[in-house]
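Coordinate analysis (summary)
Each chain is listed here by its residues.
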Amino acid sequence: MNSKPDRLPDPPARVPDFEDGFPSPQLAEDRWVGHYLPHWTSPERSRARYDIDDSGLRLRIDADQPDWREEDAPLRVSNLQTGVFSGPTGSQRGTHRHRPDGLVVRTETPQRLLWAPTAGRVDVTVSASVDERCMLAAWLVGTEHLSEKDSGEICIFEIDADAVGEAISHARCGIKAHSDQRLTTDMTDVALPLDASKPHTWTAIWGPSGTVIGCDGVVVRRMPPFPGYPLFLMIDLFEIGPRSQTGAVYPKTARVHRVRAWETPATTW
């Protein structure tokens, strides 16, 4: 006999603290920064390519899109994030110091904490990319504006295009410690009975009881630790590796249909 799936709790019965179904043709500047970690690179390299229609926001990788940083090439990215923090130009202070070889601020960026809860719930409805060399990801990352120790990450999902199938799709999810010695990196590849190129809702719930990640109302992972400091939400489309050759179809795309979030600390689930 098959056991019943471990279900996520219902979302709070109140209006979300943060919500966007992308009803406007322009990105809401009071909710999103349309750049990928702009402090570590230049504005042209960090700027997201996107458009908005009745199906939500379509992240794009365009044929003429530059690499995020020359040192990271080949890597192109279009990203939305719910805030930004950096130190002065030339410093090493800034959100998501994710490279072990060091990052230096190239574009000093005024601090913006548009949505940066310490605990709560976020539901992200997306359709993953099936374009060659692409990955769609959603992360909650430490802002680091209070302390550079606050660098941990909840990886809600990372979905490679070649891991998307009609019946089964694979994703990576879990915790990444980065420079936070209070956490331990714990990432897992999970198989899901769905086509990730269709709309599906991913959920992260985190607070004193730990961290839970789910998809379409079903728990995917439960983990005891959680980053107990402010986190930005990041939603990214990457093209990783050499640019596709002449004749390849651009733009490469993924969809963000809706985001809903509550800052209610989760104590039990």
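Residues numbered from 1 in each chain as written. Predicted model: local features only at pLDDT ≥ 70, side-chain atom pairs only at ≥ 80, totals over all residues. Heavy atoms only, no water.

**Quick word on the overall build of the protein chain**
The secondary structure content of the protein chain amounts to 1 helix and 16 strands. Compactness check: the protein chain gives a C-alpha radius of gyration of 18 Å against a globular reference of 18 Å for 269 residues, within 12% of the reference. Its C-alpha atoms put the protein chain at 55 × 45 × 35 Å along the principal axes. Per-residue burial for the protein chain yields a buried fraction of 54% across its 269 residues. (Helix = DSSP H or I, 4+ residues; strand = E, 2+ residues; numbered from the N terminus. Rg over C-alpha atoms; globule rule 2.2 N^0.38 Å. Buried < 20%, exposed > 50% of the residue type's maximum accessible area, 1.4 Å probe, protein only.)

**Notes on the sheet that holds strand β15 (residues 231–240)**
Strand order in the open sheet formed by 6 strands is β4-β15-β8-β9-β10-β11, with antiparallel pairing between adjacent strands. At either end of the open sheet lies a strand with only one pairing partner, and these are β4 (75–81) and β11 (186–192). Sheet twist, expressed as the mean angle between neighbouring strand axes with direction ignored, is 20°. Two elements, β4 and β15, share 7 bridges in a ladder whose sense is antiparallel. Within β15, the position partnered with Leu75 by the bridge is Ile240. (Pairing = 2+ DSSP bridges. Axes fitted to C-alpha atoms, helices over the stretch in contact; angles between N-to-C directions.)

**Brief notes about the pairing of strand β8 (residues 134–142)**
Two faces belong to every sheet, and in a regular strand the side chains alternate between them. Where burial is concerned, most of β8 is hidden: 9 out of the 9 residues are buried. Of the two faces of β8, the one lined by Cys134, Leu136, Ala138, Leu140 and Gly142 and the one lined by Met135, Ala137, Trp139 and Val141 are each fully buried. As paired strands, β8 and β15 are joined by 9 bridges and run antiparallel to one another. Looking across to β15, one finds that Val141 is bridged to Phe232.

**Topic: the side chain of His96**
Tracing the sequence through the fold places His96 in the loop between β5 (83–84) and β6 (112–113). For His96, the contacting residues outside a window of four places in its chain are Leu37, Trp40, Leu103, Trp139, Val141, Gly142, Glu144, Glu153 and His178. (Contact = heavy atoms within 4.5 Å.)

**Here we look at the pattern of salt bridges**
The full count for this structure, using the stated rule, is 30 salt bridges. Here Asp72 and Arg69 are joined by a salt bridge, their closest N and O atoms 2.6 Å apart. Owing to a relative accessible area of 4%, Arg69 belongs among the buried residues under this scheme. Between Arg133 and Glu132 there is a salt bridge whose closest N-O contact spans 3.9 Å. Relative accessible area serves as the criterion here: at 34%, Arg133 is assigned to the partly exposed category. Connected through salt bridges with shared partners, the residues Glu44, Arg47, Arg49, Asp51, Arg58, Arg60, Asp62 and Asp64 form a single ionic network. (Salt bridge = Lys/Arg side-chain N within 4 Å of Asp/Glu carboxyl O.)

**Remarks on the packing of aromatic side chains**
Overall, the coordinates contain 7 aromatic pairs when judged by the stated rule. With centroids separated by 6.2 Å and ring planes inclined at 20°, the aromatic side chains of Phe22 and Trp32 adopt a geometry described as stacked. With Phe22 in the loop between β1 (18–20) and α1 (43–46) and Trp32 in the loop between β1 and α1, the pair connects residues that are 10 residues apart, well separated along the chain. In terms of burial, Phe22 and Trp32 fall into one category: buried. Through a chain of ring-to-ring contacts, three or more aromatic side chains come together here, namely Phe18, Phe22, Trp32 and Trp115. (Phe/Tyr/Trp six-rings, centres within 6.5 Å; stacked < 30°, edge-to-face > 60°.)

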